[in-house]
Structures are given as C-alpha cells and as structure tokens.
Amino acid sequence: MIPAAFEYHRATSLGNALALLNEHRDNAKVLAGGHSLLPMLKLRLAAPGHVIDLGGVAELRFIRRTKDFLAIGALTPHAEVAAAAEVRKTHRALAEAAAAIGDVQVRNCGTIGGSLAHADPAADYAAAVLAFNAEIVAQGPKGTHAIKAGDFFTGLFSTALFATELITEVRFSDTEGAGSAYEKFEQPASGFAIVGVCALIKLDEAQTVRGVRLAATGVSDRPVRLTAMENALGGKPWSDANLEAAAKLADTGLEKLREDHYAKEDYRRHLLRVVARRAAARAVS
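Caption draft 1: View of the nonpolar core. Counting 43 residues, the largest nonpolar core has Val87, Leu94, Leu116 and Phe172 as its most contacted members. If we ignore the near neighbours within four places in the chain, the residues touching Phe172 are Phe69, Leu70, Ile72, His91, Leu94, Val129, Phe132 and Ala134. If you look at the next biggest cluster of nonpolar residues, it comprises 31 residues, including Ile194, Val195, Leu254 and Ala283.

Encoded structure:
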C-alpha cells in the first residue's frame, strides 16, 4: 500500500517540533520510531497532511537518575531501556517489558514515548508504567505538566495528551526495595501481549507483603490494575498458598475483557490468572 500524500517535516529541536505541531494541529501526525505510524499510513488508517519527524531531536533521548526519580526521555529506544544498568537495578520489570517488545529491529528503533502516545491496548510498557505509578511528562504551547499513568490512558488508542502536546519524558519514582517482574503470554508473530502483567511487591523482614501493585495489558482497551489480587496479597505473609488464592482473583472486578481471534474472553481470564501468578512470584524471587 502507498500512503496518501503528506508534507514531511524533520524537527531540529523540541521547540521546533512543538511549533510545527501547534501550526498544523489535527492535520499532523508525529513520527518517532515509526513502527506504529508507518503501517497506519500505508493502510491509510491515518492520512495526515503533515508528518513531523522527531528523529533529530536528540534532547529527548536520555536515561538519567535524580534524587527523586528515574527519568527516561521520550525518544529513548526500547533496546536502551532494556540494557540500562540503572533501569535494571531498581525498575527491573520496566527493563523486562522493554526487552519483550517486538524484535531486534523494533527495539532499536521504537521509542518509549512513541509507544505510550500510540496507546495500543496490548503494548508492554502500558502495564509497567501503571504498576510503577509513573508520570508521563507532556509539553505544549501552555507549558509542561505531568500526567499520572492511571490518568494517561483514556481508551482504545486514546490518551490524555492534547493534539498540540508531545511526551518529553517518563518519570519513575523510587521502588523503595520492592522486587518487580514482567511476564506475558504473547502473540507469536507480532510479539504483542495477549496478556501481560507487571508486578511490584515489597516484603518486610517477616516476609509479609507491605506493598503490592499489579497491572495488566492486553485484557482491556487500556492497562488495568488488578486490585482484587492486590488486596488479597496485601498485609498477608508471603506463601505459595496465599499467592495461589490471590491469583484466582486476578480477573475479579474486570467486567468485560477483550475478545479477538487470538483469545476468547474466558481464555483471556484464565491466562490473566496464570500470568499474574507468575509475575508476582518472580517479583518476590
């Protein structure tokens, strides 16, 4: 397929990109790694009059730690997130989610900001940013603001970003000694998650669960917290029996799960319970 005609702009800086986006607004699409936008253009699922390429905006590609949080620039490729020692040390599940995306080519070109802005309901990062309660920093004509992960995803391929805003970085707070892991059951051709779960669990010296956050991707039109399983684990001694009982509640409260040719709803519910148990067990280990 051949895309509809569009005018191509290669942004030279963040300011230049924001100016172009503000000028063309709803008639523009932003190109980061291109692995989501280019297929949409070829299939004419998107036909913007202007495409703004962020590839030259080097200031948005970084991984740095402050005293308060770990910050990852929007144009940082998945491969760099997966390999970074500072990510793996304190936010291991985030590195695992990045390593689980697509194939080598996708991981070297695709970016964390592009993935989050696209908001695919089966994207790996979605579960990680929700479990870590990350903040997505957006910048536009009216300035910069941070959006909590729980407020960022608003529906199928839909986010709280305005048409004139760009993601500039993603901030992850200190995990305070918690263990984390990301597990998924993937569609073998694309690598997208049929079900993916990110687990963040903290035990005290007596091996009692003192903190737990579980988030899933692939099961709804946006990432979801597994609150029933969290409540079943929280405040209780860590044990195989307690984990098994809690995992049976992983889908409780989720009224309707996604259903497609990869998995019917009842199969997805079963997978969610299995994958959630594996993610929680490995987070603690």
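Caption draft 2: Representation of the packing of helix 11 (residues 240–247) against helix 12 (residues 265–284). Packing of helix 11 against helix 12 leaves a shortest axis separation of 9 Å and a crossing angle of 145°. Of the two elements, helix 11 crosses helix 12, and the hand of that crossing is right-handed. In contact with Leu243, Glu244 and Ala247 of helix 11, helix 12 contributes Arg273, Arg277, Ala280 and Ala281. Looking at the contact of helix 11 with helix 12 residue by residue, the class counts come to 4 nonpolar, no polar and 3 charged.

Caption draft 3: Structural context of the sheet that holds strand 3 (residues 50–53). The 3 strands are arranged 1-3-2 in an open sheet whose pairing can be described as parallel. Only two strands of the sheet have a single partner each, and these edge strands are strand 1 (7–10) and strand 2 (28–31). Adjacent strand axes in the sheet meet at a mean angle of 20°, parallel and antiparallel pairs treated alike. In the sheet, strand 1 pairs with strand 3 via 4 bridges, with the strands oriented parallel.

Caption draft 4: Here's a closer look at the side chain of Glu96. Relative to the assigned elements, Glu96 resides in helix 5 (residues 92–99). Exposure remark for Glu96: the relative accessible area of 13% places this residue in the buried category. When near neighbours in sequence (up to four residues on either side) are disregarded, Glu96 contacts Ala181, Tyr182 and Arg282.

Caption draft 5: Local environment of the layout of surface pockets. Estimates place the volume of the largest pocket at around 1200 Å³. Forming the walls of the largest pocket are 44 residues, and the residues nearest its centre are Ser36, Gly114, Ser115, Ala117 and His118. Counting residues per element, the ones that place at least two in the lining of the largest pocket are strand 2, helix 2 (37–42), helix 7 (112–118), strand 9 (158–159) and strand 10 (166–173). With 5 residues, helix 7 is the single largest residue contributor to the lining of the largest pocket. Tallied by class, residues from the lining of the largest pocket come to 21 nonpolar, 16 polar and 7 charged.

Caption draft 6: Looking closely at a nonpolar patch on the surface. A surface patch of nonpolar side chains, about 390 Å² in accessible area, is lined by Met1, Leu43 and Leu45. Tracing the backbone through its elements, the reader meets Met1 in the segment before strand 1.

Caption draft 7: Quick look at the packing of aromatic side chains. Enumeration according to the criterion identifies 3 aromatic pairs in this entry. Residues Phe132 and Phe172 carry aromatic rings whose centres are separated by 6.1 Å and whose planes lie at 85° to one another, so their mutual orientation is edge-to-face. Of the two residues, Phe132 sits in the loop between helix 8 (124–131) and strand 6 (135–140) while Phe172 sits in strand 10, which places them 40 residues apart along the sequence. Classification of Phe172 by relative accessible area gives buried; the value is 0%. Here Phe152 and Phe153 contribute two aromatic rings whose centre-to-centre distance is 5.1 Å and whose plane-to-plane angle is 90°, an arrangement assigned as edge-to-face. Judged by relative accessible area, which is 0%, Phe152 ranks as buried. The buried category is assigned to Phe153, whose relative accessible area is 7%.

Caption draft 8: Layout of the packing of helix 5 against helix 8. At a closest axis distance of 8 Å, the pairing of helix 5 and helix 8 adopts a crossing angle of 170°. Between helix 5 and helix 8, the angle falls in the class roughly antiparallel. Facing Leu94, Ala97 and Ala98 of helix 5, the residues of helix 8 in contact are Asp124, Tyr125 and Ala128.

Caption draft 9: Representation of the pairing of strand 10 in the model. The buried fraction of strand 10 amounts to 6 of the 8 residues, a majority that puts the element mostly inside the structure. Where strand 5 (residues 69–73) and strand 10 come together, 5 bridges link them in antiparallel fashion. By the bridge assignment, Phe69 is partnered in strand 10 with Ser173.

Caption draft 10: Here's a closer look at the sheet that holds strand 12 (residues 193–203). A sheet is described by the order of its strands in space; here 4 strands give the open sequence 11-12-13-14, paired in antiparallel fashion. The strands lining the two open edges of the sheet, one partner per strand, are strand 11 (179–186) and strand 14 (224–225). Across 8 bridges, the pairing between strand 11 and strand 12 is antiparallel. Bridging across to strand 12, Gly179 finds its partner in Ile201. The strands that helix 5 touches are strand 11 and strand 12; relative to strand 11, the one it contacts most, it runs at about 25°. Across the face of the sheet, helix 8 comes into contact with strand 11, strand 12, strand 13 (209–217) and strand 14 while running at roughly 155° to strand 13.

Calculation criteria
Residues numbered from 1 in each chain as written. Predicted model: local features only at pLDDT ≥ 70, side-chain atom pairs only at ≥ 80, totals over all residues. Heavy atoms only, no water. Core = buried A, V, L, I, M, F, W, Y, C linked by side-chain atoms within 4.5 Å. Buried < 20%, exposed > 50% of the residue type's maximum accessible area, 1.4 Å probe, protein only. Contact = heavy atoms within 4.5 Å. Axes fitted to C-alpha atoms, helices over the stretch in contact; angles between N-to-C directions. Helix = DSSP H or I, 4+ residues; strand = E, 2+ residues; numbered from the N terminus. Left-handed = near helix turned anticlockwise from the far one by under 90°. Nonpolar A, V, L, I, M, F, W, Y, C, P; charged D, E, K, R; others polar. Pairing = 2+ DSSP bridges. 1 Å grid on protein atoms, 1.4 Å probe; cavity = no way out; pocket = protein on both sides within 12 Å on 5 of 7 lines; lining within 4 Å. Points joined across faces, edges and corners; volume = space filled by probe spheres on them. Patch = residues over 30% accessible without salt bridge, like charges linked within 9 Å, V, L, I, M, F, W, Y side chains within 5 Å. Areas by Shrake-Rupley, 256 points an atom, 1.4 Å probe, with all protein chains shown as cover. Salt bridge = Lys/Arg side-chain N within 4 Å of Asp/Glu carboxyl O. Phe/Tyr/Trp six-rings, centres within 6.5 Å; stacked < 30°, edge-to-face > 60°. Parallel < 35°, antiparallel > 145°, perpendicular 65-115°, else oblique.

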